[in-house]
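Coordinate inspection notes
These are the residues of each chain, in order.
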Amino acid sequence: MELNTKFWGYRRSDGTVGVRNHVLILPTIVCATQSAMRITELVQGTVSFVHQHGCAQVGVDYDQTFRTYVGIGCNPNVYGVVVLGLGCETHQGRSVADAIAKRTGKPVELVSIQDNGGTLMTIARGAQVAARMVQDASMQRREECDISELIVATECGGSDACSGLSANPAVGVVSDMIVDGGGTAILAETSEIIGAEHLLADRAVDDKVAKRVYEVIEAMEQKAIFMGVDIRTGNPTPGNIKGGLSSLEEKSLGAAAKAGSRPLQELINYAENPTKKGLVWMDTPGQDIEQLTGMVAGGAQVVLFTSGRGTPTGSPIAPVIKIATNTRMFENMSDNMDMNAGTIIEGKESVQDVGQRIYDEVLQVATGKWTKAEILKQYDFGINRIGPTF
């Protein structure tokens, strides 16, 4: 049977394809987040998020936060952006708005709390701008698109002893299918690849990429050493251990299974866009929400999230398909989990069978099917922090 490679998405002016059609209220400073959330309560079709960043950051830490803001606004799932700033913050709203508009050509408007005379008038002004954008967005129509235009992010959270045997290898099958179809699959969680890095380095397309693999692993371990701690005191987590994982290395072997078997094309920094098609590794921490945010800021339109312990995690921008590694948890957390890979453990399906099911689900979700996290408005967001606040 011929493999289906088509879905229905929103074609953007910059040539990218969205699977959702959000109007994003993007707060560039922590003290604008509550006003942003009030706007989303008033205007249907808008999304936003709460965070603690945007001021008193310098150097590479400033750059990374700025890159994340811009990347989130540029994600193809976003039709237009209302950038909501305070006015005196380090990450100036005008700079963020201009960068998004320049890169994508999508509708972007800036609203400032200080310029609009305070919270109430800012909410009113932001709601007016957002309502107009939502109405324009509602006129957009989906068109047939190819799997080659998708960037699919992969991650695991709350892993257990089944993760490396069921859901993660099944996601690896999907990763290969996406790559073979001309699309892009992102692997992340650098701290949870420690001990399995050689497997990915061996698949690097060239020596430069292989060298980079070892460099990012070394850098991650050095961060822990600099703090005077053993990274293995936090990884695996208590939940991982209770779920049957014995060590970080065992957890890493399971996590790396999500990368399938295709060549590693490049290794990019946090919240950067892939420059190549195929399998890409993004250098992120293992913390679920921070890595999720980084991959979505890097352009991922759909996320595959495996879990053995269960999680409600979602994103304000990208649909997150959550895949249970075991049937017991899938049934216990049916409000949150979208798919069950525990059938592999039970001998009812093969890894390839479940991989095909997940692949089919990706196409359905990309065409408009809502995930559990979207239905529950689970809008998690967190930017990885590099340096201290000054």
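Thresholds applied
- Residues numbered from 1 in each chain as written.
- Predicted model: local features only at pLDDT ≥ 70, side-chain atom pairs only at ≥ 80, totals over all residues.
- Heavy atoms only, no water.
- Helix = DSSP H or I, 4+ residues; strand = E, 2+ residues; numbered from the N terminus.
- Expected span 1.5 Å × (residues − 1).
- Buried < 20%, exposed > 50% of the residue type's maximum accessible area, 1.4 Å probe, protein only.
- Contact = heavy atoms within 4.5 Å.
- Salt bridge = Lys/Arg side-chain N within 4 Å of Asp/Glu carboxyl O.
- UniProt positions renumbered as here; feature names shortened; annotations may be inferred.
- 1 Å grid on protein atoms, 1.4 Å probe; cavity = no way out; pocket = protein on both sides within 12 Å on 5 of 7 lines; lining within 4 Å.
- Points joined across faces, edges and corners; volume = space filled by probe spheres on them.
- Nonpolar A, V, L, I, M, F, W, Y, C, P; charged D, E, K, R; others polar.
- Phe/Tyr/Trp six-rings, centres within 6.5 Å; stacked < 30°, edge-to-face > 60°.

**Examining helix α4 (residues 119-137)**
Two residues of an α-helix separated by three or four positions point the same way, owing to the 3.6 residues in each turn. With 19 residues, α4 should cover 27 Å at 1.5 Å per step; its first-to-last C-alpha distance of 26 Å lies within 8% of that length. Where α4 is concerned, the buried positions are Thr122, Ile123, Gly126, Ala127, Val129, Ala130, Met133, Val134 and Ala137. Of the surrounding elements, those touching the buried residues of α4 are β3 (22-27), α1 (33-42), β4 (46-47), β5 (78-85) and β6 (108-112).

**Let's talk about the pattern of salt bridges**
A side chain with one charge may pair with a side chain of the opposite charge, provided their charged atoms come close. Scanning the model with the defined rule gives 13 salt bridges in all. The residue Arg262 makes a salt bridge to Asp180 at a minimum N-O spacing of 2.7 Å. Pair noted here: Arg262 is in the loop between α9 (248-256) and β10 (264-268) and Asp180 is in helix α5 (residues 167-180), with a separation of 82 residues, a long-range link. The exposed category is assigned to Asp180, whose relative accessible area is 51%. With a shortest N-O distance of 3.6 Å, Lys348 and Glu346 are connected by a salt bridge. One salt-bridge network, in which partners are shared between bridges, spans Arg11, Glu143 and Glu149.

**Examining the UniProt feature "domain: D-galactarate/Altronate dehydratase second" (unreviewed entry) in the protein chain**
Annotation from UniProt places "domain: D-galactarate/Altronate dehydratase second" (unreviewed entry) at residues 9-137. For the annotated span residues 9-137, helix accounts for 44% and strand for 20% of the residues, and the straight-line distance between the end C-alpha atoms is 13 Å.

**Examining the side chain of His91**
Residue placement: His91 occurs in the loop between β5 and α3 (93-104). With near-sequence residues (within four places) excluded, His91 lies in contact with Thr28, Gly54, Cys55, Gln57, Tyr62, Thr65, Phe66 and Tyr69.

**A few points about empty space enclosed by the protein**
Gaps between atoms show up when a probe of the same size as a water molecule is rolled over them. Throughout the structure, instances matching the rule amount to one cavity of 30 Å³ or more. In this model, the largest cavity occupies a volume close to 30 Å³. Ile72, Leu292, Thr293, Val296, Ser315, Pro316, Asp380 and Phe381 are the residues that line the largest cavity. Broken down by element, the residue count for the lining of the largest cavity peaks at three residues, all from helix α10 (residues 288-297). Per-class residue counts for the lining of the largest cavity are five nonpolar, two polar and one charged.

**Remarks on the layout of surface pockets**
A volume near 900 Å³ is recorded for the largest pocket. Lining the largest pocket we find 37 residues, and of these Met220, Lys223, Pro285, Gly286 and Asn384 sit closest to its centre. Every element with two or more residues in the lining of the largest pocket is listed here: α2 (59-74), α7 (207-227) and α8 (238-242). Per element, the largest residue contribution to the lining of the largest pocket is five residues, and it comes from α7. Classifying every residue of the lining of the largest pocket gives eleven nonpolar, 16 polar and ten charged.

**Examining the packing of aromatic side chains**
Applying the stated rule across the entire model yields two aromatic pairs. Ring geometry for Phe49 against Phe381: centres 3.7 Å apart, planes inclined by 10 degrees, an arrangement best described as stacked. Here Phe49, found in the loop between β4 and α2, pairs with Phe381, found in the segment after α14 (372-375); they are 332 residues apart in sequence, far enough to count as distant. A relative accessible area of 1% places Phe49 in the buried class. On the basis of relative accessible area, Phe381 is assigned to the buried category, the value being 11%. Ring centres of Tyr62 and Phe66 lie 6.1 Å apart, and the angle between their planes is 10 degrees; on these two criteria the pair is classed as stacked. Taken together, the residues Tyr62 and Phe66, both in helix α2 and four residues apart, mark about one turn of the helix.

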